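# Structural overview
Okay, here's what each chain looks like letter by letter:
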There are 2 protein chains.
Amino acid sequence: MRVSIPLEQAYKLLNHGPVTLVSSAHGGRRNVMAASWVMPLDFSPPKVAVVIDKGAYTRELVEASGELVLAVPARLMSAAVLAVGNCSGRDGDKFAALGLEGMSTAKVGAPLVAGCVGWLECRVIPEAHNQQTYDLFLAEVVAAWADERVFQDGRWIFSDDPDDPLRTLHYVAGGQFFVTGQALEVSPAAQAA
Amino acid sequence: MRVSIPLEQAYKLLNHGPVTLVSSAHGGRRNVMAASWVMPLDFSPPKVAVVIDKGAYTRELVEASGELVLAVPARLMSAAVLAVGNCSGRDGDKFAALGLEGMSTAKVGAPLVAGCVGWLECRVIPEAHNQQTYDLFLAEVVAAWADERVFQDGRWIFSDDPDDPLRTLHYVAGGQFFVTGQALEVSPAAQAA
């Protein structure tokens, strides 16, 4: 069900702007946080940019390990996405506290969060000025995975059901999300003006 | 219909990961491109990050002026979003070629693209290394606007109609979009695990 994705397709997991979970691990500790401030940065080799606040426990683990995983949660994970933002990994392992399962990775030490539908294993590109001044982390994607029920041949293929629990999510604020909605195919000829 | 938005709410126009139009102007010339690789970078003062390729005509105008506008197009603009990516401003004014209207701004020289539902006027924060190495531009938001039909009191309020032409868009690739879908409100108590 989880399949490896060619690296040149990795950006397509994030291109539509879904909310993500950032998982990290170092020295036998692990953590997970939610992040909406994430975007692709390059196609090949694929790179991403993500904002990780100085106060976040994730920040310590990412800086110590030089690694992170971005996961794209499905709608069925919406309560978990909110919950990971309402507690700190400093108070105990969030995976255990929230009943989250960590799955094995190919290239990095941080776990993949089960119940998501896309994952990007990343190595941080050290850029101290960006990290210190803007809380901005740049990273290279070194492995990518997707749930083949909703991502095939380099594209998201959600069912027609708007309530499909496998649709991805977009975060607003204060517990509010939008579900990824209708697919819309536009041909260049459609621009009549 | 277009109303000024408090700067501290500006990030909410981008937080759900919509596709954007980047408009720019310098020396009597103007241009517009589509960009999905955009994210909020800070709350207050609000900042954004956007990737602008070295080959883009927009890049010249943004570097020369130090300014840009990010606009959030509604579904009714989907053909235009695709069209601005299929021609170059070097071959003539895209606004005229595509029937786009530029609206007046408060703080920067680049026009607001009419038909969008949110706009952020931005001044580039000079970061030569990011620009040269990653095509990554950081900018401070100096004014923000929204269409009050769909953004009120700091939140998007789309109608229940999934086909509402004022819903925002998320870009995938090759003319494929997702429309911003159902609103989903999650309470922290919903995490039972």
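You'll find the structure just up there.
Report on the accompanying structure. (Residues numbered from 1 in each chain as written. Chains lettered and ligands numbered in written order. Predicted model: local features only at pLDDT ≥ 70, side-chain atom pairs only at ≥ 80, totals over all residues. Heavy atoms only, no water.)

### Here we look at helix α1 (residues 57-65) of chain B
Of the residues making up α1(B), those classed as buried are Tyr57(B), Thr58(B), Arg59(B), Leu61(B) and Val62(B). Each element contacted by the buried residues of α1(B) is listed here: β2 (20-26), β3 (29-35), β6 (67-73), β9 (116-125), α4 (128-134) and β10 (136-147) of chain B. (Buried < 20%, exposed > 50% of the residue type's maximum accessible area, 1.4 Å probe, protein only. Helix = DSSP H or I, 4+ residues; strand = E, 2+ residues; numbered from the N terminus. Contact = heavy atoms within 4.5 Å.)

### Quick word on unusual backbone geometry
Cis geometry is adopted by the peptide bond preceding Pro45(A), which originates at Ser44(A) and carries an omega value of -5°. Among the secondary structure elements, Pro45(A) is positioned in the loop between β4 (38-42) and β5 (47-51). We note that Asp135(B) has phi near 55°; this positive angle belongs to a residue other than glycine. Relative to the helices and strands, Asp135(B) is located in the loop between α4 and β10. Asp135(B) sits in the buried class, given a relative accessible area of 13%. Notably, Asp153(B) is not glycine yet its phi reads approximately 50°, a positive angle.

### A few points about the relation of the copies chain A and chain B
Two chain copies here: they are related by a rotation about an axis and a translation along the same axis. Superposing chain A onto chain B requires a rotation of 180° together with a translation of 0.0 Å along the rotation axis, leaving an RMSD of 0.0 Å. These values place the two chain copies in the arrangement generated by a two-fold rotation axis. Interface residue correspondence from chain A to chain B reaches 100%, placing this contact among same-surface, isologous pairings. (Least-squares fit on C-alpha atoms with pLDDT ≥ 70 in both.)

### Details of the side chain of Thr58(A)
For Thr58(A), the location among the structural elements is in helix α1 (residues 57-65). Within polar-contact distance, the side chain of Thr58(A) engages the side chain of Asn31(A) at 3.1 Å. (Polar contact = N/O pair within 3.5 Å; in protein donor to acceptor, adjacent residues only side chain to side chain.)

### Some words on the interface of chain A and chain B
Quite often, the size of an interface is put as the accessible area lost when its parts meet. With 62 residues of chain A at the contact, the number on the chain B side is 62 residues. The three residues of chain A that bury the most area against chain B are Trp37(A), Phe178(A) and Leu184(A), which together make up 16% of that side's buried surface. Across the chain A-chain B interface, the total number found is zero salt bridges. Counting the contacts that link chain A with chain B gives 31 residue pairs in polar contact (both at pLDDT 80 or more). Looking at the side of chain A that touches chain B, the element that brings in the most residues is strand β14 (residues 176-185) of chain A, giving ten residues. Looking at side-chain class alone, the side of chain A that touches chain B contains 36 nonpolar, 18 polar and eight charged residues. Sheet topology places β14(A) next to strand β14 (residues 176-185) of chain B; seven bridges connect them, and they run antiparallel. Among the inter-strand pairings, Ala183(A) is bridged to a residue of β14(B), identified as Phe178(B). (Buried area = accessible area lost by both parts, 1.4 Å probe. Salt bridge = Lys/Arg side-chain N within 4 Å of Asp/Glu carboxyl O. Nonpolar A, V, L, I, M, F, W, Y, C, P; charged D, E, K, R; others polar. Pairing = 2+ DSSP bridges.)

### Describing the pairing of β9(B)
Within a regular strand, side chains alternate between the sheet's two faces. All names here are of chain B. With respect to burial, β9 is a largely interior element, nine of its ten residues being buried. By the bridge criterion, seven bridges tie β6 to β9 in an arrangement that is antiparallel. Note on β9: the bridge partner recorded for Ala 71 is Trp 119. Here eight bridges tie β9 to β10, and the two strands are oriented antiparallel to one another. When the bridges of β10 are listed, Ile 125 appears paired with Leu 138.

### Looking at the pattern of salt bridges
Residue and element names in this part refer to chain B. Counted by the stated rule, this structure contains 16 salt bridges over all chains. Between Lys 54 and Asp 135 there is a salt bridge whose closest N-O contact spans 2.6 Å. A residue pair is termed long-range when its members are at least 10 positions apart, and Lys 54 in the loop between β5 (46-51) and α1 and Asp 135 in the loop between α4 and β10 qualify at 81 residues. Take Lys 54: its relative accessible area is 42%, and that puts it in the partly exposed class. Here Asp 163 ties to Arg 75 by a salt bridge, and the two come within 3.7 Å at their closest N and O atoms.

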